Amino acid sequence: MGIKDQFQDKAQELSEKAKQAAQRGKSEAGERSSQAPGTREQQSQESLDDAQREAEER
């Protein structure tokens, strides 16, 4: 195997790793964005529950 082949193999390997990292980053970002609305809904529901409890205590 010549030096040229070694460099080509290494370049291909690095390219594949970069693609995998980019895909992983996109999937993680998608998961975070899908979780964010649920978190907001949960917080607003908790706020409503707190308000109802306070109203019942009065």
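Residues numbered from 1 in each chain as written. Predicted model: local features only at pLDDT ≥ 70, side-chain atom pairs only at ≥ 80, totals over all residues. Heavy atoms only, no water.

Draft legend 1. Here's a closer look at the overall build of the protein. Helix and strand content of the protein: 1 helix and 0 strands. Across the 58 residues in the protein, those meeting the buried criterion constitute 0%. For the protein, the exposed surface amounts to about 5400 Å²; the carbon and sulfur share of it is 48%. (Helix = DSSP H or I, 4+ residues; strand = E, 2+ residues; numbered from the N terminus. Buried < 20%, exposed > 50% of the residue type's maximum accessible area, 1.4 Å probe, protein only. Areas by Shrake-Rupley, 256 points an atom, 1.4 Å probe, with all protein chains shown as cover.)

Draft legend 2. Local environment of the pattern of salt bridges. If you walk through the whole model with that rule in mind, you get 1 salt bridge. For Glu13, the salt bridge goes to Lys17, with nearest N and O atoms at 3.5 Å. Note that Glu13 and Lys17 are positioned in helix α1 (residues 3-57) at a spacing of 4 residues, about one turn of the helix. Lys17 gets classed as partly exposed once you look at its relative accessible area, which sits at 48%. (Salt bridge = Lys/Arg side-chain N within 4 Å of Asp/Glu carboxyl O.)

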